[in-house]
Amino acid sequence: MAKQKPKSRAAAKTAALKKSPARKTASKTVAKSTARKTKADGLRTCAQYRDLGIAEASHGLAQAHVIRLIGPCNPAEVSKLHFHDVEFQMVYVLKGWIKTYMEGQGETLMKEGSAWTQPPRIKHLIMDYSDDVELLEVILPAEFKTVELAT
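Keep in mind it's a predicted model, so treat the numbers as computed, not measured. (Residues numbered from 1 in each chain as written. Predicted model: local features only at pLDDT ≥ 70, side-chain atom pairs only at ≥ 80, totals over all residues. Heavy atoms only, no water.)

S.K.: When you look at the state of the cysteines in this model, what are you seeing that I'm missing?
M.R.: Covalent bonding between the sulfur atoms of two cysteines is what defines a disulfide. Tallying each qualifying case throughout the model produces zero disulfides. With no disulfide partner, Cys46 has as its closest neighbouring cysteine sulfur the one in Cys73, 7.4 Å distant. Note on Cys73: relative accessible area 16%, which makes it buried. (Disulfide = S-S within 2.5 Å. Buried < 20%, exposed > 50% of the residue type's maximum accessible area, 1.4 Å probe, protein only.)

What follows is the structure, encoded as structure tokens:
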């Protein structure tokens, strides 16, 4: 009796992995790359950061994480003028909204689906956000310094 072809790519991949002598190594790699870490010890104490593993995968070239700001917004805690010593920073609003201020650009309200890049070392602050806001942030390099400025 002839073997039947798998009906989908996922089924084909599963079948190939079952036959592969390196399946244990492949399984470990998949498990490691999909692991999610959540921490409250990031830049802000009012936020939870979920590391996406990009820093390790890129050997420090870049960092990516999902940020969930914990509401309600307390301007006394979050509205501190600062800058990051980075080469590139991009933020995408996954859920909710966030109002920011950037030097030379003023106030901006970003809603779900909005994205922006911040020029290197631009002075900025968070003014307000929705209780359910979630952001995807990508930064180069992975390790960088944040400088809080006196107001």
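Now that the structure is up, let's keep going.
S.K.: So what exactly am I meant to see when it comes to the nonpolar core here?
M.R.: The nonpolar side chains of soluble globular proteins are, as a tendency, buried together. Ranked by internal contacts, the top residues of the largest apolar core, which has 18 residues, are Leu69, Ile98, Trp116, Tyr129 and Leu135. Elements supplying a minimum of two residues to this core: strand S2 (47-51), strand S3 (63-69), strand S5 (88-95), strand S6 (97-102) and strand S9 (124-129). Those residues in contact with Ile98 that sit more than four places away from it in its chain are Leu69, Val93, Thr108, Leu109, Met110, Trp116, Ile126, Asp128, Tyr129, Val133 and Leu135. (Core = buried A, V, L, I, M, F, W, Y, C linked by side-chain atoms within 4.5 Å. Helix = DSSP H or I, 4+ residues; strand = E, 2+ residues; numbered from the N terminus. Contact = heavy atoms within 4.5 Å.)

S.K.: Is there a simple way to think about the environment of Gly106 in this case?
M.R.: Note on placement: Gly106 falls in strand S7 (residues 106-111). Between the C-alpha atoms of Gly106 and His124, which are 18 residues apart in sequence, the distance is 9.2 Å. Setting aside chain neighbours within four positions, we find Gly106 in contact with Thr100 and Tyr101.

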